[in-house]
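What follows is each chain in one-letter form.
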Amino acid sequence: MEIGHADKISELGAPSMWIEWGDLARKNNSCNLGSGFPNFPLHPDLREELVSAAENPVTCWYTRAQGHPKLIEEIIATYSPLVGREIQPTEAIVTIGAYQGIFWSFEAFVQAGDEVIVFDPMFDAYRLDCVLAGAKFVPVALKLESGSWVLEEELFKNSFNCNTKMIVVNTPHNPTGKVFTRKELEFISKLSKEYNCLILADEVYDRYVFDGHEHLSIASLPGMWERTITLCSAGKMFGVTGWRVGWAFGGANLIEKLFRICKCDTFGASTILQEALAGMLQRQRLCIPPKESYFQWASNIFVENYTKLQKAFTNANMPVIPAEGGFFMIVDCTKRRFKFQDSPEFQSSVETFDIKIAKGIVNKYKLSVLPLSLFYGSDSKSKLTSYLRVCFAKSPESVDKAVEIIESFE
Ligand code: PMP
């Protein structure tokens, strides 16, 4: 007899897009610009921190469940100036990647009857966690207009009602590369106060913003600290996504609720990695020019990668929507014709154009990129289906290989 499962997991569906597209990339042994992680070897500074952490016996043991004290101290020292207040130890908590911060926030704050507003397209974890929490998911499309992703104020405003509990604000944004402006964040903050909602500020790409744009934490705006949970990812910051460490900070009233979920979940993250990351954060804080910080070093690589890929895609008749920050660029394939489009298989497939193109590129050219349509939480007419998401936060070798492949497109 089959063992029944909890009703709530029915809605979570079959394998995630990451598993399906990751398998496709691996099967083709492809150059992978699909997944959003830097693939360089461990940075020498991080290696030193890890070795020194390993030499300290306490790092083999459980540490404080809310976060290793040394890491919490460094989080406080790093982010207090950015949010314009002295963050207290009760206002920060360590998570197993930002993924866990998202999950805890949904578990702790939303339930059946609540609504959660998220800009569309989006990182898919928000939708899944919202479904699991039993709340209603309300995607609000960002409009692509003259090469920018625009928050349409009327549309956004009209998506609120008395059930709206939370707004997810991801800046710099995955997948579009949008960096929300001060004016947009002020507008969001005004509505969050009017409707008394929580902001989940996913800022995992905060260190990677292009010249001419500025990252602003919504938590730093007047009156927002008590209603904002800000999420960060050591994996994205330092190219160690496999370490699975992140952190959240915000008003003590909010962080205390996350800790209640932590107590029924993992009860803390890896001590040794937290110790090493505390050292790495301290190095960045104390880094004095001409010594280059890790962020400067990685940003220089990303900007060079971006420039190379932009040129290659543009020459291949696939213009790039300019990214303002983050790890991703969006490539327009509306006008591109590949030879594989003539195949009967391509012609007869009912999948969206971007999915067929991304599959064609990985199967024929061994280059993995992702269809933008996979990132939409809604099937409305605002869903774009002829764009690809390309990760430029990769090693220069991977990007050079990708450029070679793009130049060979027929
Ligand atoms: N938020 C966003 C916007 C992301 O893109 C990702 C990872 N792709 C995460 C959160 C999860 O981060 P982590 O790897 O630290 O769990």
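None of the values given here were measured: they were computed from a predicted structure.

Turning our eyes to something else, we now look at the overall build of the protein chain. Each helix and strand in the protein chain was counted, giving 14 helices and 14 strands. In terms of C-alpha radius of gyration, the protein chain reaches 21 Å, essentially the compact-globule figure of 22 Å for 410 residues. With the C-alpha coordinates of the protein chain rotated into their principal frame, the extents come out at 60 × 55 × 50 Å. Buried positions account for 56% of the 410 residues belonging to the protein chain. Counted over contacts in the protein chain with a minimum sequence separation of 6, partners at least 24 positions apart contribute 73%. Element-wise, carbon and sulfur atoms account for 53% of the exposed surface of the protein chain, whose accessible area totals about 18,200 Å². Looking at charge distribution, the protein chain has the averaged site of its 42 positive side-chain charges lying 2 Å from that of its 49 negative ones.

Attention shifts here to a positive patch on the surface. On the surface, a cluster of positive charge is contributed by K27, K339, K364 and K366. With respect to the helices, strands and loops of the structure, K366 is situated in the loop between α13 (353-365) and β12 (367-368). Of the residues examined, K366 reaches a relative accessible area of 34% and is grouped as partly exposed.

A separate point is the packing of aromatic side chains. The full count for this structure, using the stated rule, is 32 aromatic pairs. Here the aromatic rings of Y205 and F328 are separated by 5.8 Å at their centres, their planes lie at 80°, and the arrangement is edge-to-face. Taken together, the residues span a long stretch of sequence, with Y205 in the loop between β7 (198-202) and β8 (228-233) and F328 in strand β11 (residues 328-332) at a distance of 123 residues. You'll find Y205 and F328 in the same group, each marked buried. Ring pairing ties together the aromatic residues F40, Y205, Y208, F238, Y294, F295, W297, F302, F327 and F328, which thus form one cluster. The ring of F346 carries K356 above its face, with NZ or CZ at 4.6 Å from the centroid. In this structure, K394 is placed above the aromatic ring of F37, and the distance from its NZ or CZ to the ring centre is 3.9 Å.

In spatial order, the strands read β2-β9-β8-β7-β6-β3-β4-β5; together these eight strands make up an open sheet with mixed pairing. The two strands at the open ends of the sheet, each matched to only one other strand, are β2 (92-95) and β5 (148-151). Direction aside, the axes of adjacent strands within the sheet are offset by 25° on average. Strand direction decides the pairing type here: β2 and strand β9 (residues 246-250), joined by four bridges, are antiparallel.

Before going further, it helps to examine the sheet that holds strand β13 (residues 370-371). Pairing in this open sheet of four strands is antiparallel, and the strands run β10-β11-β14-β13 from one edge to the other. Strands at the two margins of the open sheet, each flanked by one partner only, are β10 (320-321) and β13. The pairing of β13 with strand β14 (residues 387-391) spans two bridges and is antiparallel. Bridging across to β14, P371 finds its partner in L388. Across the sheet, α13 touches β13 and β14, and the angle it forms with β14 is around 45°.

This paragraph deals with unusual backbone geometry. In most cases, non-glycine residues show a negative phi, while peptide bonds are predominantly trans. Here the residue pair T171 and P172 is connected by a cis peptide bond, since its omega of -15° sits within 30 degrees of zero. Residue position: P172 is located in the loop between β6 (164-170) and α7 (182-194). For the bond from N174 to P175, the omega torsion is 15°, close enough to zero to count as cis. One can find P175 in the loop between β6 and α7. Of note, N29 is a non-glycine position whose phi angle comes to about 50°, a positive value. Mapped onto the fold, N29 is located in the loop between α1 (17-27) and β1 (31-32). Residue N29 is classed as exposed on the basis of its relative accessible area, which comes to 69%.

Here we come to α7. Counted at 1.5 Å a residue, the expected span for α7 with its 13 residues is 18 Å, and the 18 Å between its end C-alpha atoms agrees. Taken together, the buried positions of α7 are occupied by E184, L185, F187, I188, S189, L191 and S192. Just beyond α7, the residue with positive phi is N196, at close to 50°.

By the secondary structure assignment, V303 is in helix α11 (residues 294-315). For the pair V303 and D211, spaced 92 residues apart in sequence, the C-alpha to C-alpha distance is 9.8 Å.

What follows concerns the site of the ligand. Taken together, 14 residues are adjacent to the ligand, and A98, N174, D202, Y205 and S233 come closest. The contact in question runs from an oxygen atom of the ligand to an N or O atom on the backbone of Y99, over 3.0 Å. Separating a nitrogen atom of the ligand from a side-chain N or O atom of K236 is a distance of 3.0 Å. Calculation on the ligand without its partners gives an accessible area of 400 Å², and the protein chains cover 93% of this total. In terms of residues, the shell around the ligand owes the most to one element, helix α4 (residues 97-109), which gives four residues. Taken together, the residues of the shell around the ligand break down into seven nonpolar, four polar and three charged.

Cut-off values and rules
- Residues numbered from 1 in each chain as written.
- Predicted model: local features only at pLDDT ≥ 70, side-chain atom pairs only at ≥ 80, totals over all residues.
- Heavy atoms only, no water.
- Helix = DSSP H or I, 4+ residues; strand = E, 2+ residues; numbered from the N terminus.
- Rg over C-alpha atoms; globule rule 2.2 N^0.38 Å.
- Buried < 20%, exposed > 50% of the residue type's maximum accessible area, 1.4 Å probe, protein only.
- Contact = heavy atoms within 4.5 Å.
- Areas by Shrake-Rupley, 256 points an atom, 1.4 Å probe, with all protein chains shown as cover.
- Lys, Arg positive; Asp, Glu negative; His and termini not counted.
- Charge placed at Lys NZ, Arg CZ, Asp CG, Glu CD.
- Patch = residues over 30% accessible without salt bridge, like charges linked within 9 Å, V, L, I, M, F, W, Y side chains within 5 Å.
- Salt bridge = Lys/Arg side-chain N within 4 Å of Asp/Glu carboxyl O.
- Phe/Tyr/Trp six-rings, centres within 6.5 Å; stacked < 30°, edge-to-face > 60°.
- Lys NZ or Arg CZ within 6 Å of the ring centre and 35° of its normal.
- Pairing = 2+ DSSP bridges.
- Axes fitted to C-alpha atoms, helices over the stretch in contact; angles between N-to-C directions.
- Expected span 1.5 Å × (residues − 1).
- Near = heavy atom within 4 Å.
- Polar contact = N/O pair within 3.5 Å; in protein donor to acceptor, adjacent residues only side chain to side chain.
- Nonpolar A, V, L, I, M, F, W, Y, C, P; charged D, E, K, R; others polar.

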